[in-house]
Amino acid sequence: MTNEYLLQVYKNIKEKDKNEPEFLQAVYEVLNSIEPYVNEHPELEKNGIIERFVEPERIITFRVPWVDDSGKVQVNRGFRVQFNSAIGPYKGGIRLHPSVNVSIMKFLAFEQGLKNSLTGLPMGGGKGGSDFNPQGKSDLEVMRFCQSFMTELCKHIGADTDVPAGDIGTGKREIGFMFGQYKRIRNEFTGVLTGKGLSYGGSLGRTSATGHGLCYFANKMLDKMANTSFEGKKVIVSGAGNVGLYAVEKAMDLGATVVAVNDISGTVYNEKGINFDLLKEIKEEKRLFIKDYAALDKDAKFTENPKDLWKIKCDIALPCATQNEIDLEDAKALVANNVICVCEGANMPCTLEATDYFIENKIMFGPAKAANAGGVMVSGFEMSQNSMRYAWTFEEVEAKLKQQMENIFIEVYDCAKHYGNEYNTVLGANISGFKKVSEAMLAQGVC
């Protein structure tokens, strides 16, 4: 990055937010990659667009008291970061995980704005969550927490203001409890949350959307850049939550063999292919771990190190777990094993060094804000259906998802190619997303 304007903005952010490494990482990556576009548009500096672009419009922090099953009062911390509403109401998930802090919330909300821009739908960027861990909690404990969380959050959201969704730790159960409390307090039935159950306004295809969309994006990339597809390829997938699980399903549907998956308990490998039905039963229905899957698959090999996944020979790698799970050493191992395509299902799962290494070695790379946009896209579809008081079939949703994910790839690819490197899809995604947001910010004046 050599542009003096961008360097000064980043320097200021680094001084103000020096204790927020995830946010600084995300900001640096974006500013570095949009430099060619900023060089062409001096009006951005004149109007202070970048300074406003990297500063959230609003951060809400609140305490969440709740009572556990033993009658003891517990207290967690809640967040909602409303980052940018230039192109629509804030839109982004609610993450429930012990790692949640303001840096992670800000980085996710910042990235969400660009991701939502790429979908072509009128949605701004936001994110929220809490350091509450639903794992191991009873349904009643989760309900008490969700009701307390929503009691405060409901003051700051709405169908035309901010529409949260699920994320890590926040599935149908949690969304249901939150929606019920919102309806109870506000006395209104609106599309204020997405990822809802089908009986009260949810969209068919939402659960599988991020994983399926990831594979549609990757398949289009393989077709356009290498004249190939998932057919006959060996695939590895990290994380076995909604994203990873349904990436496994769609990769198999497209003709690939998924040979390995992991979670926090370790890595499981089966050269004949992972049994999706068993994996789904273990992870989605029983909420157990990969080690429990390995105990039931007689052909599987299990190791306790989740990082062993990246040493397994494959054609396509789909990191779907969490931020910074692939470092430079992992990237080198993947390239040495002749990986041809890496697509990010999680948010920022590759470090900056790993991402640069993939691009330098001309590995087809799908950056998260483009490749994993399927989830928020179908959330946008759910918002539309709620507004119309109508529901589309699964086939209709899936067809729209496939078409839009392929469109996103083409937009990102064409932009990267325009700026001189078709493999630099990070640049392509960031410039494509930023262009729409910055144009809206310019049109709306100083706000």
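Reference entry: report on the structure contained in this document. (Residues numbered from 1 in each chain as written. Predicted model: local features only at pLDDT ≥ 70, side-chain atom pairs only at ≥ 80, totals over all residues. Heavy atoms only, no water.)

Concerning the overall build of the protein chain
- Of the regular secondary structure elements, the protein chain holds 18 helices and twelve strands.
- In terms of overall size, the protein chain behaves like a compact globule, its C-alpha atoms giving a radius of gyration of 21 Å where 447 residues would be expected to give roughly 22 Å.
- Taking the principal axes of the C-alpha coordinates as reference, the protein chain spans close to 60 × 55 × 45 Å.
- By residue count, 57% of the 447 residues in the protein chain fall in the buried class.
- The long-range fraction of contacts in the protein chain, counting pairs at least 24 apart against all pairs at least 6 apart in sequence, stands at 72%.
- Carbon and sulfur atoms form 49% of the exposed surface of the protein chain, whose accessible area is close to 18,000 Å². (Helix = DSSP H or I, 4+ residues; strand = E, 2+ residues; numbered from the N terminus. Rg over C-alpha atoms; globule rule 2.2 N^0.38 Å. Buried < 20%, exposed > 50% of the residue type's maximum accessible area, 1.4 Å probe, protein only. Contact = heavy atoms within 4.5 Å. Areas by Shrake-Rupley, 256 points an atom, 1.4 Å probe, with all protein chains shown as cover.)

Topic: the sheet that holds strand S12 (residues 364-366)
- Strand order in the open sheet made by the seven strands is S9-S8-S7-S6-S10-S11-S12, with mixed pairing throughout. Both edges of this open sheet fall to strand S9 (301-303) and S12, since each of them pairs with a single strand only. Adjacent strand axes in the sheet meet at a mean angle of 15°, parallel and antiparallel pairs treated alike.
- Two elements, strand S8 (residues 266-269) and S9, share three bridges in a ladder whose sense is antiparallel. Residue pairing in the sheet places Thr 267 in a bridge with Thr 303 of S9. (Pairing = 2+ DSSP bridges. Axes fitted to C-alpha atoms, helices over the stretch in contact; angles between N-to-C directions.)

Structural notes on the packing of aromatic side chains
- Applying the stated criterion to the full structure yields 18 aromatic pairs.
- Relative to Phe 434, the ring of Phe 53 lies with its centre 4.9 Å away and its plane at 75°, an arrangement referred to as edge-to-face. Taken together, the residues span a long stretch of sequence, with Phe 53 in helix H5 (residues 49-53) and Phe 434 in helix H18 (residues 425-443) at a distance of 381 residues. Take Phe 53 and Phe 434: they sit in the same class, and that class is buried.
- Their ring planes at 5° and their centres at 3.9 Å tell us that Phe 132 and Phe 145 sit as a pair that is stacked. Of this pair, Phe 132 sits in the loop between strand S4 (124-130) and helix H7 (139-153) while Phe 145 sits in helix H7; the two residues are 13 residues apart in sequence, bridging distant segments of the chain. (Phe/Tyr/Trp six-rings, centres within 6.5 Å; stacked < 30°, edge-to-face > 60°.)

Things to note about the sheet that holds strand S3 (residues 90-96)
- As summarised here, the arrangement of the five strands in space is S1-S2-S4-S3-S5, forming an open sheet in which the pairing is mixed. Across the chains shown, the open sheet's two edge strands, defined by having one partner strand only, are strand S1 (58-67) and strand S5 (162-165). Adjacent strand axes in the sheet meet at a mean angle of 20° when their direction is disregarded.
- Judged from the ten bridges that link them, S1 and strand S2 (residues 73-84) form a sheet pairing that is antiparallel. Each residue of the ladder has a partner; that of Trp 66, found in S2, is Gln 74.
- Most of the contacts of H7 go to S1, to which it runs at about 145°, and overall it touches S1, S2, S3, S4 and S5.

Section: the state of the cysteines
- Tallied over the full model, the rule gives zero disulfides.
- Cys 415 carries a free sulfur, and the closest cysteine sulfur to it, the one in Cys 343, is 17 Å from it. (Disulfide = S-S within 2.5 Å.)

Some thoughts on the environment of Ala 294
- If you trace the backbone, Ala 294 turns up in helix H12 (residues 290-296).
- Expressed as a C-alpha distance, the spacing of Ala 294 and Leu 279, which sit 15 residues apart in the sequence, is 9.3 Å.
- Once residues within four sequence positions are removed from consideration, Ala 294 is found in contact with Val 268 and Phe 302.

Topic: empty space enclosed by the protein
- Applying the stated rule across the entire model yields two cavities of 30 Å³ or more.
- Here the largest cavity is characterised by a volume of approximately 80 Å³.
- Together, Glu 29, Glu 111, Glu 344, Met 348, Thr 355, Phe 365, Pro 367, Ala 368, Lys 369 and Val 426 line the largest cavity.
- Classifying every residue of the lining of the largest cavity gives five nonpolar, one polar and four charged.
- Taken as a whole, the second largest cavity encloses approximately 40 Å³ of empty space.
- Around the second largest cavity sit Phe 53, Phe 83, Asn 84, Phe 110, Gly 113, Leu 114 and Val 437, which together line it.
- Among the secondary structure elements, those contributing two or more residues to the lining of the second largest cavity are S2 and helix H6 (102-119).
- It is H6 that provides the largest number of residues to the lining of the second largest cavity, a total of three residues. (1 Å grid on protein atoms, 1.4 Å probe; cavity = no way out; pocket = protein on both sides within 12 Å on 5 of 7 lines; lining within 4 Å. Points joined across faces, edges and corners; volume = space filled by probe spheres on them. Nonpolar A, V, L, I, M, F, W, Y, C, P; charged D, E, K, R; others polar.)

Quick word on the packing of helix H17 (residues 394-418) against H18
- Where H17 meets H18, the closest approach of the two axes is 7 Å, and the angle between their N-to-C directions is 105°. Comparing their axes, H18 and H17 come out roughly perpendicular. Contacts from Glu 411, Val 412, Cys 415 and Ala 416 in H17 reach Thr 425, Leu 427, Gly 428, Ala 429, Ile 431, Ser 432 and Lys 436 in H18.
- Split into classes, the residues belonging to the contact of H17 with H18 amount to six nonpolar, three polar and two charged. (Parallel < 35°, antiparallel > 145°, perpendicular 65-115°, else oblique.)

Remarks on helix H1 (residues 4-16)
- With 13 residues, H1 extends 18 Å from end C-alpha to end C-alpha; this agrees with the ideal 18 Å at 1.5 Å per step.
- When H1 is considered as a whole, its buried residues turn out to be Tyr 5, Leu 6, Val 9, Tyr 10 and Ile 13. For H1, the buried positions fall inside an angular range of 125° around the axis, keeping them on one side.
- On the buried face of H1, the contacting elements are helix H2 (21-33), helix H3 (35-40), helix H4 (43-46) and H5.
- Capping the start of H1 is the job of one residue whose side-chain oxygen sits 2.9 Å from the backbone nitrogen of Tyr 5: Asn 3. (Expected span 1.5 Å × (residues − 1). Arc of directions from axis to C-beta. Polar contact = N/O pair within 3.5 Å; in protein donor to acceptor, adjacent residues only side chain to side chain.)

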